[in-house]
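# Coordinate analysis (summary)
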There are 2 protein chains.
Amino acid sequence: MNETAERLMDLAESHIRNAGYGGFSFRELAAEIGIKSASVHHHFPTKATMAAAVASRYADRFLAAVVHQPNETAEDAVAMYRSAFRTALDRDGRMCLCGVLGAEAGGLPPEVAKATRTFFRRCIEDLSARMGGGPETKARALQVMATLEGGMVLARALGSIDAFDQATASLAKPVEISKPDEASKAKTTPPEVCP
Amino acid sequence: MNETAERLMDLAESHIRNAGYGGFSFRELAAEIGIKSASVHHHFPTKATMAAAVASRYADRFLAAVVHQPNETAEDAVAMYRSAFRTALDRDGRMCLCGVLGAEAGGLPPEVAKATRTFFRRCIEDLSARMGGGPETKARALQVMATLEGGMVLARALGSIDAFDQATASLAKPVEISKPDEASKAKTTPPEVCP
DNA sequence: ACTCCTCTGTCTATCGATAGATAGCCGTTG
DNA sequence: CAACGGCTATCTATCGATAGACAGAGGAGT
């Protein structure tokens, strides 16, 4: 992968996370790294191609950042996801890329919608597996992801990260799902991860 | 309020809920009701003005639809919010208007961002009050709104309303984790409200 | 070593489409 | 008459995308 292409993807990701799919243009990206918009097409044939590439790279990075740790509990896994999103929200004030794209899913080119779908599928599967597997953990995984994504939406809309913290506070010490003694162990400092 | 203006707002609302702020244009709206795009400016001077008007009308309608019922419990209030969002999601496959706008908050004109913020403030305040008031109910209200908004994002991204049902199942009876038939129960028991 | 060829990355120039917005005219209606 | 609500016509800006040219790097063949 080219370095120019990488920088273009970085910029595109930043813009999408800030303002959605319509929040960036080839001209804008090109100007920001000092080339012409036509040159961007050399790296990515279409805008949809580029956005889809950004989305799947984002998925890879995110899932690598929240990767399963040895001896982790279900709460650890949830805390890790929470921390990852919070860090990104706090560091550059931007929310989950696929959260933005998912919200405007109805207006996305098919390949971008597909990449977005894949991100959530992978997250749900990963989270569910790390919480023990089974149908009830899938519902729990969906609830966790929903609360986190929604928490970011609230934080962005209200302009305060406190909204995210309060909205997702209950995830840190969740309703007991499987083993009651896991709650006591969950006090271990959640790792500071971020995609 | 003019009838043409109403119809324009209806269409704009539908488009925004489907594809975000960039998901509609004056030309598109005008064509759909059989007038010219220039005529839309007669009713709404700018696109931002229109979107802001749509957002605050949406807020009014939504809060009227989930209005406090006599003798309701905190769970009733939450169930009412849940049902309102679910109905809209189910009926026309579209999510909360302010959820979409909140996700792309970084790219919105100031007045639209403000209207979006106001919607969430009003919801949080209303929900919090109906759950007894106090700081801990505010956090709970934020959690409920986050889970609902995120649940809609997931349902849209994954293309299945089941994702919403499972993600928000724990809100219906907070302590209990999802039972398989809870989704169908939620469709009939609470009032069928929708903004 | 020298030439030829290909590939890469960028450029200029331009396309057609669409965006939001404006100015001014005109018919209907109260 | 005067206000309202729509129209025609047009502007400027920007969009994604394409065509074609050019410079440089590097390998292959002689």
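Residues numbered from 1 in each chain as written. Chains lettered and ligands numbered in written order. Predicted model: local features only at pLDDT ≥ 70, side-chain atom pairs only at ≥ 80, totals over all residues.

### Regarding the protein's contact with DNA strand C
Around DNA strand C, 17 residues are found, and the nearest of them are Ala38 and His42 of chain A together with Ser25, Ala38 and Thr46 of chain B. Every element with two or more residues in the surface near DNA strand C is listed here: helix H3 (37-43) of chain A together with helix H2 (26-33) and helix H3 (37-43) of chain B. Within the surface near DNA strand C, the residues separate by chemical class into 5 nonpolar, 8 polar and 4 charged. (Near = placed C-beta within 6 Å. Helix = DSSP H or I, 4+ residues; strand = E, 2+ residues; numbered from the N terminus. Nonpolar A, V, L, I, M, F, W, Y, C, P; charged D, E, K, R; others polar.)

### Concerning the nonpolar core
If you look at the biggest cluster of nonpolar residues, it comprises 128 residues, and the most contacted ones within it are Ala55, Met145 and Leu154 of chain A together with Ala55, Met145 and Leu154 of chain B. Non-local contacts of Leu154 of chain B, meaning those with residues more than four positions away in its chain, are made with Gly102, Phe120, Leu142, Met145 and Ala146 of chain A together with Ala163, Phe164 and Ala167 of chain B. (Core = buried A, V, L, I, M, F, W, Y, C linked by C-beta atoms within 7 Å. Buried ≥ 20, exposed ≤ 12 C-beta atoms within 10 Å, placed from the backbone. Contact = placed C-beta atoms within 7 Å.)

### Quick notes on the interface of chain B and chain A
Every contact between the two is made by 43 residues of chain B and, on the other side, 44 residues of chain A. Among the secondary structure elements, those contributing two or more residues to the side of chain B that touches chain A are helix H1 (3-19), helix H6 (97-103), helix H7 (110-130), helix H8 (135-158) and helix H9 (161-172) of chain B. The element best represented in the side of chain B that touches chain A is H8 of chain B, accounting for 15 residues. For the side of chain B that touches chain A, the class distribution of residues is 21 nonpolar, 18 polar and 4 charged.

### Structural notes on the relation of the copies chain B and chain A
Mapping chain B onto chain A is achieved by rotating through 180° and translating by 0.0 Å along the same axis, at an RMSD of 0.0 Å. Seen this way, the second copy is the image of the first under a two-fold rotation axis. When the interface residues of chain B are mapped onto chain A, 98% of them again fall at the interface, so both copies present the same face. (Least-squares fit on C-alpha atoms with pLDDT ≥ 70 in both.)

### A closer look at the protein's contact with DNA strand D
As a matter of local geometry, DNA strand D sits amid 16 residues, with Ser25, Ala38 and Thr46 of chain A together with Ile35 and Ala38 of chain B nearest to it. For the surface near DNA strand D, the elements supplying multiple residues, two or more each, are helix H2 (26-33) and H3 of chain A together with H3 of chain B.

### Side note on the UniProt feature "domain: HTH tetR-type" (unreviewed entry) in chain A
Under the UniProt annotation, "domain: HTH tetR-type" (unreviewed entry) lies at residues 2-62 of chain A. Measuring from the first to the last C-alpha atom of residues 2-62 of chain A gives 21 Å, for a span that is 79% helix and 0% strand. (UniProt positions renumbered as here; feature names shortened; annotations may be inferred.)

### Focus: helix H4 (residues 47-65) of chain A
Residues and elements named next belong to chain A. Helix length check: H4, at 19 residues, gives a terminal C-alpha distance of 27 Å against a target of 27 Å (1.5 Å per residue), a fit within 8%. Among all positions in H4, only Met50, Ala51, Ala52, Ala53, Val54, Ala55, Tyr58, Ala59 and Phe62 are buried. The elements touched by buried residues of H4 are helix H1 (3-19), helix H5 (74-92), helix H6 (97-103) and helix H7 (110-130). (Expected span 1.5 Å × (residues − 1).)

### What about the packing of helix H4 (residues 47-65) of chain B against H7 of chain B?
Residues and elements named next belong to chain B. For the pair H4 and H7, the least separation of the axes is 8 Å and the interaxial angle reads 10°. Our classification of the angle between H4 and H7 gives roughly parallel. Here Ala48, Thr49, Ala51, Ala52, Ala55, Ser56, Tyr58, Ala59 and Leu63 of H4 lie close against H7, whose contacting residues are Glu111, Val112, Ala115, Thr116, Thr118, Phe119, Arg122 and Asp126. A per-class count over the contact of H4 with H7 returns 10 nonpolar, 4 polar and 3 charged. (Axes fitted to C-alpha atoms, helices over the stretch in contact; angles between N-to-C directions. Parallel < 35°, antiparallel > 145°, perpendicular 65-115°, else oblique.)

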